[in-house]
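# Inside the fold
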Amino acid sequence: MSASPAAPRPNAVVAVLALAGIVVALMQTLVIPIIPELPKLLDASASDAAWAVTATLLASAVATPVVGRLGDMFGKRRMLLLSLVLLISGSAVCGLSDALVPMVAGRALQGLSAAVIPLGISIMRDELPAERLAGATAVMSASLGVGGALGLPAAALIADKLDWHMLFWLSGALGAVSLVLVLALVPESAVRTGGRFDLPGGIGMAAGLASLLLAISKGGDWGWSSGTVLVLFAAAVVILLVWGWWELHTPAPLVDLRTTARRQVLFTNLASIAIGFSMFAMSLVLPQLLQLPEATGYGLGRSLLTTGLVMAPSGLVMMAFAPVSAKVSKARGPKVTLMIGALIVAAGYGLNIVLMSEVWHLVLVSCVISAGIGFAYGAMPSLIMGAVPPSETAAANSLNTLMRSLGTSVASAIAGVILAQMTVDLGGFALPSENAFKVVMAIGAGAALLAFAIASFVPRHRPAAPVTGPAATGGVATETASAH
């Protein structure tokens, strides 16, 4: 598993790593069509069946920073391969499951593969020529949205025509293909930190994040003022404060908080939370608008498959704008690219408030928002890598990915509350009102404008990354920070 190709081929490396990123994003999307059916399929209550989604969220949040740090220490390709093995294993467990416990276990294993995208970006920094780096990392970063957009129609078609277990066998098969291609074509980097893993830091971060995300994701079901949710929020605050103190005082921290506090890294991560929020708001609003009955006066009454097909172009747009993002970053700096992306996203939500009555309206809106996300996601890795040493790339990119995930989790919670509270009655059923969707869109636009404002504090033009890759092949790298 550790043997690597002798000489990297840039085009092959980019294609294989982007495919791996798309496969991980597909894994997260494939379960969406069967969520309403999970209680019946698993012979469980709706609240218990929801753990099939929550387990993936928690596992990915914990695994992303931990696996990123392990990649910096012991080899990014090695950790990438391990992540793909976990994805394949989890898919197999889910494919064989007809009960709740093995399904939740399998989904947790799948969630542990979430570090594939930040690891892929970090491998690119180590292995690609400097002139190829910005475009390649933009494509890799966009693969998250591409997999999510393309996975929905594919999953809807499979769930409608075949046995639902095929969703997981497809995920496992694609993971196996990615594993073989990584083994054959992606080299292992010599850029490593070495040292010992910060086990107390890993446990502390896992406990703090699990408490925070569990409270956010389950607050709507358990009640935001319930004792359980309040205790979880309090525990998250206390644990993360203690964890922060530990990270500042241990010689080899899981997350170098001093590096994270650098202006360029800090404001990029804060903007990432806001952009992640905006991205997920679209994923929550548009599918519901498409599927709600026409009798509401604003729903379009479309099937899940049609909904997936409507959303699919957004992923292609995101991928198409990744190289454009790289060109703008090269000419004007990634800060400008991030700010442009945030403005495009805000404009897309503004457009959605006035254009939501036809299918083509929602296709247009999703493409505009996705273009902005493509710009923003393409710029974030360049900003992060321009402020951290090569030996911390995987950990820093993983933390940035975690910040985006935090934004999506908060978006899900806030949008869920709004859509549940602002309702109309239709045949005895409470459905989200038209104004509820408009409020969520307005909040999505506001989050994008907040990202624009935060990005304005990022230091002006810096190089995407120092010259690395083929030049950095002389054993274990020394930790030399780039310009701060």
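The model shown is predicted, which means the values in this text are computed figures rather than measured ones.

## Description of the pairing of strand β1 (residues 423–426)
- Pairing of β1 with strand β2 (residues 429–432), which is carried by 4 bridges, proceeds in the antiparallel orientation. Note that in β2 the partner of valine 424 across the bridge is leucine 431.
- Linking β1 back to β2 in an antiparallel pair, the connection comprises 2 residues, with glycine 427 at a positive phi of about 60 degrees.

## A look at the nonpolar core
- Membership of the largest hydrophobic core comes to 55 residues, with the highest contact counts inside it found for Leu17, Leu80, Leu119, Met124 and Val182.
- Take this core: its biggest share by element is 9 residues, from helix α1 (residues 10–29).
- Here leucine 80 is in contact with Leu17, Val116, Leu119, Ile123 and Val182, once residues within four sequence places are set aside.
- Counting 52 residues, the second largest nonpolar core, distinct from the first, contains Met311, Met318, Leu383 and Met441.

## Considering the pattern of salt bridges
- Tallied over the entire structure, the rule returns 4 salt bridges.
- Note that lysine 40 and glutamate 37 form a salt bridge whose closest N and O atoms lie 3.4 Å from each other.
- Lysine 40 sits in the exposed class, given a relative accessible area of 65%.
- Since its relative accessible area comes to 36%, glutamate 37 is described here as partly exposed.
- A salt bridge links lysine 76 to aspartate 72; the nearest nitrogen and oxygen atoms lie 3.9 Å apart.

Criteria and cut-off values
Numbering of residues starts from 1 in each chain and follows the order in which that chain's sequence is written. With the structure being a predicted model, the display of local features is reserved for residues of pLDDT at least 70 and the display and counting of side-chain atom pairs for 80 or more, all residues being used for whole-chain, interface and lining totals. Hydrogens and water molecules were not included; the side-chain quantities draw on all heavy atoms of the structure. The pairing criterion for strands is at least two bridges between them, as found by DSSP. For helices the rule is a DSSP run of H or I covering at least 4 residues; for strands it is a run of E covering at least 2, with both sets numbered from the N terminus onward. Among the buried residues, those of types Ala, Val, Leu, Ile, Met, Phe, Trp, Tyr and Cys that are joined through side-chain atoms within 4.5 Å form a nonpolar core. The cut-offs for exposure are 20% and 50% of the maximum accessible area for each residue type, with area from a 1.4 Å probe on protein chains only; residues under the lower value are buried, those over the upper are exposed, and the others partly exposed. In this analysis, two residues are considered to be in contact whenever any of their non-hydrogen atoms come within 4.5 Å of each other. Criterion for a salt bridge: a side-chain nitrogen of Lys or Arg within 4 Å of a carboxyl oxygen of Asp or Glu.

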